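# Summary of structural features
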Amino acid sequence: MMNLARDYETADISVHQPAKSFQIITMEPSQLADAVTIADYLRDGKCIALNTETISPDLEARMLDFLRGFSYVRNCAVVRASSELIFLAPYSIVLEYDADDELREE
C-alpha cells in the first residue's frame, strides 16, 4: 500500500501587537535639515511634538511639505494641535484629536 501522506514542516507564527509604551520627542526646529531628523525619529517608531513658534512661516511650510510627504509614504499621522504645535506619530500609534477639526492635518 502506498503512503500518500506528506510530511510538512511547521513554522511558528507570531502576531505583532502595538507597542504598549512609546517615546515622545519634543523638537524646536531651526533649519530645514531638522525635518530629516524628525523623519528619522518617525521611522524609528518615535512620536514627535513639534514646536514651530520660533521659525518663520515659510520654513514651517517647507518642513511640513517634506514631513507630509514622508508621512504619506510611511503611513504616519500628522495632527496640528495648535497654530504652533504639531504632533507626528508612526503608523503603530494612533493619534486622536478632540477639538476643532479645522486644525487637523490630512
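Described in the following lines is the structure provided in the data block. (Residues numbered from 1 in each chain as written. Predicted model: local features only at pLDDT ≥ 70, side-chain atom pairs only at ≥ 80, totals over all residues. Heavy atoms only, no water.)

A few words now on the overall build of the chain. Along the chain, the regular secondary structure elements total two helices and four strands. In sequence order, the secondary structure elements of the chain are arranged as β-α-β-α-β-β. Here the chain holds 106 residues, and 31% of them are scored as buried. Here the contacts in the chain between residues at least 6 apart in sequence split such that 52% fall between residues at least 24 apart. Surface summary for the chain: the accessible area is close to 8100 Å², and the carbon and sulfur share equals 49%. (Helix = DSSP H or I, 4+ residues; strand = E, 2+ residues; numbered from the N terminus. Buried < 20%, exposed > 50% of the residue type's maximum accessible area, 1.4 Å probe, protein only. Contact = heavy atoms within 4.5 Å. Areas by Shrake-Rupley, 256 points an atom, 1.4 Å probe, with all protein chains shown as cover.)

With that settled, the discussion passes to the nonpolar core. By size, the foremost hydrophobic cluster in this structure holds 18 residues, and its most contacted members are I38, L42, I48, L50 and L88. Looking at this core, the elements with two or more residues in it are β1 (24–27), α1 (34–43), β2 (47–51), α2 (57–74) and β4 (85–89). With five residues, α2 is the single largest residue contributor to this core. (Core = buried A, V, L, I, M, F, W, Y, C linked by side-chain atoms within 4.5 Å.)

By way of backbone hydrogen bonds, the strands of a sheet pair with one another, either parallel or antiparallel. Across the sheet, which stays open at both edges, the four strands sit in the order β1-β2-β4-β3 with mixed pairing between neighbours. Among the strands making up the open sheet, the edge pair consists of β1 and β3 (77–82). Between one strand axis and the next, the sheet turns by 20° as a mean value, whatever way the strands run. Relative to β1, α1 is tilted by about 175°, and along the sheet it contacts β1, β2 and β4. Contacts between α2 and the sheet are confined to β2, β3 and β4, with β4 contributing the most and set at about 20° to the helix. (Pairing = 2+ DSSP bridges. Axes fitted to C-alpha atoms, helices over the stretch in contact; angles between N-to-C directions.)

What follows is about the side chain of S71. Looking at the element boundaries, S71 is found in helix α2. Once you skip the residues sitting within four places of it in the chain, S71 turns out to touch L42, C76, V78 and L88.

Taken across its five residues, β2 has five buried, putting it largely inside the fold. Burial along β2 is two-sided: the face carrying C47, A49 and N51 and the face carrying I48 and L50 are both buried. By the bridge criterion, four bridges tie β1 to β2 in an arrangement that is parallel. Residue I24 lies in a different strand from β2, and its bridge partner there is C47.

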